[in-house]
Amino acid sequence: MGLFDKMAGTKHPESGVAPRSAAEVRAALLALNGPNVRYEVRAGTPKEGADLVAECRLPEVRVTLKIRMRLIPDTHEVRALDERWDKSTVDYSNGKYSRGQATTVYRQWTYEKGADGRRQKVETFRFDTREMRDPLLQAVLDAGWTWRGVLFKL
């Protein structure tokens, strides 16, 4: 694995894990949907140029996260592109777009009166991007496929 693969977040399955079919990988990724997850895995649209898309909207911090995934059956790999739209900047009319694997923890705080009567900072919202990416990554690795992070083209 080269330096670029490491920076992009490429992960390979354990040796000895037999690769499953593309249909099984797709089913495993779609099976991650549920009532207790903040994101949704769905089929990608032609405009998105992906087979599957995991999307998470965080209205508390005005952020939308997407991981676009393309399944490459010939090489048993999932090419994944992480994207973020952040509208929490000072200029609300323009959001900030970024892409590439980056672990970020989004938080929101308020001040409350503590038991001792002093004012203290209390965390009211928290979301770590690994909560979305890690289950996707693990489903792919468990299926014997490679998770290849990309920055430009799926």
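Residues numbered from 1 in each chain as written. Predicted model: local features only at pLDDT ≥ 70, side-chain atom pairs only at ≥ 80, totals over all residues. Heavy atoms only, no water.

**Points about the side chain of Glu55**
Relative to the assigned elements, Glu55 resides in strand E2 (residues 52–58). Within the structure, Glu55 has its side chain in polar contact with the side chain of Arg57 (distance 2.9 Å). Residues contacting Glu55, with those up to four places away along its chain left out, are Arg38, Tyr39, Glu40, Arg42, Thr64, Leu65, Lys66 and Met132. (Helix = DSSP H or I, 4+ residues; strand = E, 2+ residues; numbered from the N terminus. Polar contact = N/O pair within 3.5 Å; in protein donor to acceptor, adjacent residues only side chain to side chain. Contact = heavy atoms within 4.5 Å.)

**Points about the pairing of strand E4 (residues 77–86)**
Here is the key point about a regular strand: its side chains alternate between the two faces of the sheet. Burial within E4 is extensive, with eight of its 10 residues counted as buried. Here strand E3 (residues 63–72) runs beside E4; their pairing, made up of 10 bridges, is antiparallel. Following the sheet pairing, Thr64 is matched in E4 by Trp85. Connecting E3 to the next strand, E4, in antiparallel fashion are four residues, including His76 with a positive phi near 55°. Sheet analysis places E4 next to strand E8 (residues 146–149), joined by four bridges and oriented parallel. Bridge assignment links Arg79 to a residue of E8, and that residue is Arg148. Pairing of E4 with strand E5 (residues 96–99), which is carried by four bridges, proceeds in the antiparallel orientation. Residue pairing for E5: Arg84 is matched across the bridge by Ser98. (Buried < 20%, exposed > 50% of the residue type's maximum accessible area, 1.4 Å probe, protein only. Pairing = 2+ DSSP bridges.)

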